[in-house]
Amino acid sequence: MAFVLIIGRADRFQCGKQIASYLGLVPLEESSGQRRRLGHITKQGNSLLRFLLVEAAQVTVRSDPEWRSKYFHLAMRRGRKIAKVAMARKLAVRLYWMWRKGWDYEQLKRFSPYAGQPGNRHGVRLNTE
């Protein structure tokens, strides 16, 4: 409920990147010339919603084997703190698409690799034969 109340309207955002940026779950970029440096998350959005997303992502990691696998893989590479924030970002994007499309979680799991891709408006895999 906090997600819907704080975001407002789903049609304000066109993609998952924009919702993650709005919530401050994307890295700060300091680039110059050929050098690209990504730092800590920007923390520009609502801190309460960011906290709730991190907590919800931790619960999801404990209860969903697919998320647990991705979390542990990322935690081994980048550390637990970064993995927690990455899972919170992923959860925020999934919540956004569920809300925008009016889907439940089972529909999202079925079509998630295709959700929001250009030329694929409804998240359903197009038959190209």
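Look a little higher up for the structure.
Predicted model only: the values in this text are computed from it and were never measured.

1. Some points on the environment of V4
Along the chain, V4 turns up in helix 1 (residues 2-7). For V4, a relative accessible area of 38% puts it in the partly exposed group. Separated by 95 residues in the primary sequence, V4 and W99 have C-alpha atoms spaced 8.3 Å apart.

2. As for the pattern of salt bridges
The tally for this structure, following the rule as stated, stands at 4 salt bridges. With a shortest N-O distance of 3.1 Å, R36 and E29 are connected by a salt bridge. For R36, a relative accessible area of 61% translates into the label exposed. Between E66 and K70 there is a salt bridge, and its shortest N-O distance comes to 3.5 Å. Taken as a pair, E66 and K70 lie in helix 4 (residues 65-78) at a separation of 4 residues, close to a single helical turn. Using a relative accessible area of 35% as the deciding quantity, one classes E66 as partly exposed. Taking relative accessible area as the criterion, K70 reaches 38% and is therefore assigned partly exposed. Among the charged side chains, a salt-bridge network with shared partners connects E66, K70 and R94.

3. As for unusual backbone geometry
Located in the positive-phi region is K43, a residue other than glycine, with phi close to 55°. Among the structural elements, K43 can be located in the loop between strand 2 (35-41) and helix 3 (47-63). Take K43: its relative accessible area is 56%, and that puts it in the exposed class.

Conventions adopted
- Residues numbered from 1 in each chain as written.
- Predicted model: local features only at pLDDT ≥ 70, side-chain atom pairs only at ≥ 80, totals over all residues.
- Heavy atoms only, no water.
- Helix = DSSP H or I, 4+ residues; strand = E, 2+ residues; numbered from the N terminus.
- Buried < 20%, exposed > 50% of the residue type's maximum accessible area, 1.4 Å probe, protein only.
- Salt bridge = Lys/Arg side-chain N within 4 Å of Asp/Glu carboxyl O.

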